[in-house]
Amino acid sequence: QVQLVESGGGLVQAGGSLRLSCAASGSTFSSNAMGWHRQAPGKQRELVAVVSSGGSTNYADSVKGRFTISRDNAKNTVYLQMNSLKPEDTAVYYCNQARSWLLVARGTSGYWGQGTQVTVSS
């Protein structure tokens, strides 16, 4: 069974930075696409960023230029570097693993972490 363990969330002031980590076990990490989604209270879960097994990346328009997704296959870990944080970035952030870029982007299949809270104060 795939297990995804997230860390790095917390409280930060607007304009600050956080780095989220997601460590995967129980699968062949390098053959899967990985992504980050977020969900704010009362809102739908949305895709934040995705990285394919080949290393290609894509981002939601709302975070483009501020967030960077990366993966370290030797450590079975995916990261989300978040810079220039805004209060509207406040949400629970979830790590997701699936077979393809498309499945991660859709967010309806694959495996999920427990989520980590990110709170950005004004």
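Definitions and limits used
Residues numbered from 1 in each chain as written. Predicted model: local features only at pLDDT ≥ 70, side-chain atom pairs only at ≥ 80, totals over all residues. Heavy atoms only, no water. Helix = DSSP H or I, 4+ residues; strand = E, 2+ residues; numbered from the N terminus. Phe/Tyr/Trp six-rings, centres within 6.5 Å; stacked < 30°, edge-to-face > 60°. Lys NZ or Arg CZ within 6 Å of the ring centre and 35° of its normal. Core = buried A, V, L, I, M, F, W, Y, C linked by side-chain atoms within 4.5 Å. Buried < 20%, exposed > 50% of the residue type's maximum accessible area, 1.4 Å probe, protein only. Contact = heavy atoms within 4.5 Å. Pairing = 2+ DSSP bridges. Polar contact = N/O pair within 3.5 Å; in protein donor to acceptor, adjacent residues only side chain to side chain.

A. Here's a closer look at unusual backbone geometry. You will see that Asn-76, though not glycine, has its phi angle at about 50°, which is positive. Looking at the element boundaries, Asn-76 is found in the loop between strand S7 (67-72) and strand S8 (77-82).

B. Spatial organisation of the packing of aromatic side chains. Counted according to the given criterion, the structure contains 1 aromatic pair. A centroid spacing of 6.5 Å and a plane angle of 80° characterise the contact between Tyr-94 and Trp-112, whose relative ring orientation is edge-to-face. One end of the pair, Tyr-94, is in strand S9 (residues 91-98); the other, Trp-112, is in strand S10 (residues 111-112), and 18 residues separate them in sequence. Directly above the aromatic system of Trp-112 lies the positively charged group of Arg-45, at a separation of 4.0 Å from the ring centroid.

C. Structural detail: the nonpolar core. Among the nonpolar cores identified, the biggest contains 28 residues, and Trp-36, Val-78, Leu-80, Met-82 and Tyr-93 are the most heavily contacted of them. When residues of this core are traced back to their parent elements, those giving at least two are strand S3 (18-25), strand S4 (33-39), strand S5 (46-51), S7, S8, S9 and strand S11 (116-121). A total of 4 residues in this core trace back to one element, the largest contributor, which is S3. For Met-82, the contacting residues outside a window of four places in its chain are Gly-16, Ser-17, Leu-18, Leu-20, Arg-66, Phe-67, Tyr-93 and Val-118.

D. Just the environment of Asn-76, in detail. With a relative accessible area of 26%, Asn-76 lands in the partly exposed category. When the C-alpha atoms of Asn-76 and Asn-32 are compared, they prove to be 11 Å apart, with 44 residues separating the residues in sequence. With near-sequence residues (within four places) excluded, Asn-76 lies in contact with Cys-22, Ala-23, Ala-24 and Phe-29.

E. Spatial organisation of the pairing of S9. Of all 8 residues in S9, 7 are buried; the element is thus mostly enclosed. Strand direction decides the pairing type here: S4 and S9, joined by 7 bridges, are antiparallel. Bridge pairing in S9 links Met-34 to Gln-97. Both S9 and S11 contribute to a ladder of 3 bridges, which runs antiparallel. Considered in S11, the bridge of Ala-91 is made with Val-118.

F. A look at the side chain of Thr-77. Checked against the element boundaries, Thr-77 lands in strand S8. Polar contacts involving the side chain of Thr-77 include one to the main-chain carbonyl oxygen of Lys-75, which spans 2.8 Å. Dropping the residues within four chain positions of it, Thr-77 is found in contact with Ser-21, Cys-22, Ala-23, Phe-29, Ser-70, Arg-71 and Asp-72.

Honestly, that's just the spatial picture; any functional story needs more than this.
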